[in-house]
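A closer look at the structure
As a plain string of letters, each chain reads:
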Amino acid sequence: MSENALDVLHDLRRRRKRHRLDDIEWFDAAYRVYLVALFGGGTVLWISSSVVDSTLSDRAVADIARNGPALIGMVTAIAFLAALRSGAQGGPLALEAPDVSYVMLSPVDRARALLRPATQRVRSATYLAATFGAIVGQLAGRRLPGTPVAWAASGVLFGITTAMLWAGTALVAHAIRLPLWTATSIGLAGVAWQSAALVWHIPGPANLDGSLAMWGWRQHPIDLAAPLLALTFVAAGVGMLQLTSLDALARRSSLVAQLRFAVTMQDLRTVILLRRQLNQEQTRGRPWVAVPRWVGHPIARRGMASVARFPATRLVRITVFAAMAGVLQAMVVRGTTPALIGTALMLFVLGLEVMEPLSQEVDQPDRTDGLPIERGELLVRHLIAPALTLVPFAVVAAVCAVSVLGTTSAIAPAFILALPTVLAGAAGGVVSIVRDAPDPTRTTQQAFVPPEMAGLSNAFRIGLPILVSTLAASTVLLVRQAERLGTSTTGAALRGAIGASLLTLLITYWVRRRDHWRRKIRQFMADGQSYAKQRSTPA
Amino acid sequence: MTELATRQLTKSYGDRPALEPLTLDVESGAKVALVGHNGSGKTTLMKMAAGLLDPTDGTVQIGRHPAGSQEARRLLSWLGDMPTFYDDLSLWEHLEFVARLHGVADWQGDADELLDQIGLTARRDDIPTTFSRGLRQKAAITLAFIRPFRLMLVDEPFVGLDEPGKRALLTLFDAASRRGATLLIATHELTFVSQVGRLLALRDGKLVYDGAPADTDVHALVLPS
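Calculation rules
Each chain has its residues counted from 1, running along the sequence as written. For naming, the first written chain is A and the first written ligand is 1, with later ones following in the order written. Reporting of local features is limited, given that this is a predicted model, to residues whose pLDDT is at least 70; pairs of side-chain atoms are given and counted only at 80 or more, and all residues count toward the totals for whole chains, interfaces and linings. Helix and strand labels come from DSSP, where a helix needs a run of H or I of at least four residues and a strand needs a run of E of at least two; each type is numbered from the N terminus. Each radius of gyration reported is based on C-alpha atoms, and the globular scaling rule is 2.2 Å times the count of residues to the power 0.38. Any residue with 12 or fewer other C-beta atoms within 10 Å of its own C-beta is exposed, any with 20 or more is buried, and the rest are partly exposed; the C-beta atoms used are placed from the backbone. The contact criterion used is a C-beta to C-beta distance within 7 Å, with each C-beta placed from the backbone. Every axis in this analysis is a line fitted to C-alpha atoms, fitted for helices over the stretch in contact. Angles between the N-to-C directions lie between 0 and 180 degrees. Angle categories are assigned with fixed cut-offs, so that under 35 degrees is roughly parallel, over 145 is roughly antiparallel, 65 to 115 is roughly perpendicular, and the rest are oblique. Two helices that cross are described as forming a left-handed crossing if the nearer one is turned anticlockwise from the farther one by less than a right angle, and a right-handed crossing if clockwise. As a working rule, the residues Ala, Val, Leu, Ile, Met, Phe, Trp, Tyr, Cys and Pro are called nonpolar, Asp, Glu, Lys and Arg charged, and the rest polar, with Gly in that last group. Pairs of strands are assigned from DSSP output, requiring at least two bridges between the strands. The angle separating two fitted axes, one through the seven residues that finish at a residue and one through the seven that start at it, defines the bend at that residue. A residue's pLDDT is the predictor's confidence in that residue, given on a scale from 0 to 100. An expected span of 1.5 Å times one less than the residue number is assigned to each helix.

A few words now on the overall build of chain A. Assigned secondary structure in chain A consists of 22 helices and 0 strands. Computed over its C-alpha atoms, the radius of gyration of chain A comes to 26 Å, within 12% of the 24 Å expected for a compact globule of 539 residues. Its C-alpha atoms give chain A principal-axis dimensions of roughly 80 × 80 × 55 Å. When each of the 539 residues of chain A is scored for burial, the buried share is 41%. Here the analysis covers contacts within chain A between residues at least 6 apart in sequence; of these, 81% occur between residues at least 24 apart.

The following block contains the structure:
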């Protein structure tokens, strides 16, 4: 060979980078950074300022000292489960389709060629986890012994370790072609063991990593074994890159390209859809249960048929989201206000997951337009089956909240508030799906949003659904307030439930009337333009 | 010498078999057509030979090397039915990098000649992702031929091509054959079958014919069961 294939590959990458840099609209990029900094930074500052600065009681501190490592270690155990499953499903690497066609099929050393994508994967995961760790760490530092800076640093350390463990484990699981059922079994065993460690205070597999997150308070040198282990996994994964399956890379390449595009467009619905495809999650061929004959309306029947075909993995995921929402709401009642954001996100994603019939309808606009029913009415009818589906998951959320609060007085408020909150929270997902749908009232000539407003409009498009879910989650604050004032928590829960139900009704009405309102606004704008044109034309 | 050898090669998707155990030898310099109805297993077989798909069971060898190995990749050129390109490189740059990745130092002359033959000279500095379906196919053909190979696997090469494009491709196939390269071409273009020396037919994942094209009714072979 006249020149080294790896040198050619590096040259190819350098030239592509140069082309990309040449194509960047720097003003546009700067504007996007500005928006992210404005809204992202604003959110973090709001969360930080909402944390009560008073330190916890001695009893609570002792409780955290005892349970903290096992509880935080649960995050690591879940990351380990996710990594095993990701590797078994062909992850974590994803190349561009032409890289698979031209680079991976050329006689280049694949291990060397994949080194950069692997490094980038590890780097992006550690960066994300470190940022998240720093934010959570500094929040913890406001209420626990130790400075926020020290806690932020230990959060970073924990994030990096967990991300490295995730990436390394996924690479190894991929290389050894771990079957999915084995990966899931091993991962679940790890989570079960860690749960046992939390409940019965036995040593857990992820306790050291969990303890590392508490270095902002106290340091145990033995905890450093966790990052060393994570590094070992990364080294093993990188060392086994030669065994990467081209089959998996080829399958994932086109999906990842679509996923990146969807993320760029902030199209959350597509992101979720593509994530499912990446995980090879397929709808069941045979439904769990047949749709009852008494369900006569075709749209309701269609919705129930869709829900009855949810794969087990999605049902487990929805259960986990519901359970976490319950736990986070309990944390809000106990005084951790920022947990509200977590609840909102859980309910929002839960909504996106469960609203499959609605999403399918939105994804097929041509078919929708061909039906002899007004679109708004059609979409509203598609909400019935998912709403019914949410009932058992609301029960899961309530049970989890009561378990964390550990008092029988929480039973009534939790069960009163659970379903309305879950429904209203999931309505955030509905807003996202319906807002991202193609707009049949719009023609190509009509674009009334000036370019300089497009960025804000985008931010609003992403922010509104989360705001709806946050409002739904906020109803729990009434219960907390009642508890603090010594008034009836059941009464407060009832008021909260009414508020959440009103929010759900409002969103449903918006879905029903949205096209009508938009048509009217567009007509009004068009009339205005035509009037202005008439006036400017000399008689 | 055998250029492509499969032994009990099998592929299943869940419970559904895509290719039943297949044992096959393709000799050096042969020009072979692979036909079959949609879903008969043609692409599955080709992708496993190219190393793009993991077999459920059995083996594939290119020359004497396992499919997908570094040596096998050096010998095999793959022209798939869904061409992909970088969206930030021109066709000329694609040709440059594919040629150089395969160790071709003086590639410019060959690239010019290929572009001229296929009719893409005027588009050499354009980004191929912006091309129409037919032009993308032509671009993919130039990339498959710019590099040296002993075995070429081609999946549905005529889709989207206009008549001059088809003629140019047939000329390239002939030239490769004359150089001693082995060609395995999966196609629905049954008129092409008369130009090959050996015909393979798959039906529902099973090899139902292996012989000379003249000895069979090709149209009957491509009917699903």
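In this section: the packing of helix α21 (residues 476-485) of chain A against helix α22 (residues 489-536) of chain A. All names here are of chain A. As a packed pair, α21 and α22 sit with axes 8 Å apart at the nearest point and diverge in direction by 160°. As judged from the angle between their axes, α21 and α22 are roughly antiparallel. By crossing handedness, the relation of α21 to α22 is classed as right-handed. Mapping the contact onto sequence places V476, L478, V479, Q481, A482 and E483 in α21 and T489, G491, A492, A493, R495 and G496 in α22. In the contact of α21 with α22, the residues fall into 6 nonpolar, 4 polar and 2 charged.

In this section: the sheet that holds strand β7 (residues 151-155) of chain B. By definition, the strands of a sheet pair up through backbone hydrogen bonds, in either a parallel or an antiparallel sense. Residue and element names in this part refer to chain B. A sheet is described by the order of its strands in space; here 6 strands give the open sequence β6-β7-β8-β3-β9-β10, paired in mixed fashion. In this open sheet, the two edge strands, each paired with only one partner strand, are β6 (76-79) and β10 (206-211). Ignoring strand direction, the axes of neighbouring strands in this sheet form an average angle of 15°.

Before going further, it helps to examine α22(A). Two residues of an α-helix separated by three or four positions point the same way, owing to the 3.6 residues in each turn. Where α22(A) bends most, the angle comes to about 55°, and this point is R513(A). Among all positions in α22(A), only T489(A), A492(A), A493(A), G496(A), A497(A), A500(A), L503(A), T504(A), I507(A) and V511(A) are buried.

When pLDDT is low, close inspection of the predicted coordinates is not appropriate. With 91% of its residues at a pLDDT of 70 or more, chain A shows a mean pLDDT of 86. Mean pLDDT across the elements of chain A ranges from a minimum in helix α2 (residues 26-50) of chain A, with 70, to a maximum in helix α9 (residues 225-239) of chain A, with 96.

This paragraph deals with unusual backbone geometry. In this structure, P92(A) follows G91(A) across a cis peptide bond, with omega equal to -5°. Assignment of secondary structure puts P92(A) in the loop between α3 (58-88) and α4 (97-103). Even without glycine at this site, E156(B) takes up a positive phi of about 50°. By the C-beta count within 10 Å, which is 19 here, E156(B) ends up partly exposed. The backbone phi angle of D204(B) is positive, close to 50°, even though this residue is not glycine. When you line up the elements, D204(B) lands in the loop between β9 (198-203) and β10. Judged by C-beta crowding, with 16 C-beta atoms within 10 Å, D204(B) ranks as partly exposed.

With that settled, consider the pairing of strand β3 (residues 31-36) of chain B. Residue and element names in this part refer to chain B. Counting buried positions along β3 gives 5 out of 6 residues, so the element sits mostly inside the fold. Two strands pair when backbone bridges link them, and β3 and strand β8 (residues 182-186) are joined in this way by 4 bridges, in the parallel orientation. Among the inter-strand pairings, A33 is bridged to a residue of β8, identified as I185. As paired elements, β3 and β9 share 5 bridges and run parallel to each other. By the bridge assignment for β9, G36 is matched with L202.

Once that is clear, we can look at the sheet that holds strand β4 (residues 57-62) of chain B. Taking strand neighbours across the sheet as the criterion, the 4 strands line up as β2-β1-β4-β5 (chain B) in an open arrangement whose pairing is antiparallel. The open sheet has two edge strands with one neighbour each: β2 (16-27) and β5 (65-66) of chain B.

Given a rise of 1.5 Å per residue, 31 residues ought to cover 45 Å, and the 44 Å separating the end C-alpha atoms of helix α5 (residues 110-140) of chain A matches this to within 8%. At R116(A), α5(A) is deflected by roughly 30°, the largest bend along its length, and proline P117(A) occurs up to four residues later in sequence.

All names here are of chain B. As paired elements, strand β1 (residues 2-13) and β2 share 8 bridges and run antiparallel to each other. Counted as the bridge partner of L4 is V26 from β2. The hairpin formed by β1 and β2 contains 2 residues between the paired strands, and G14 there has a positive phi angle of roughly 65°. Relative to β4, β1 is paired through 5 bridges, and the arrangement is antiparallel. Note that in β4 the partner of L4 across the bridge is I62.

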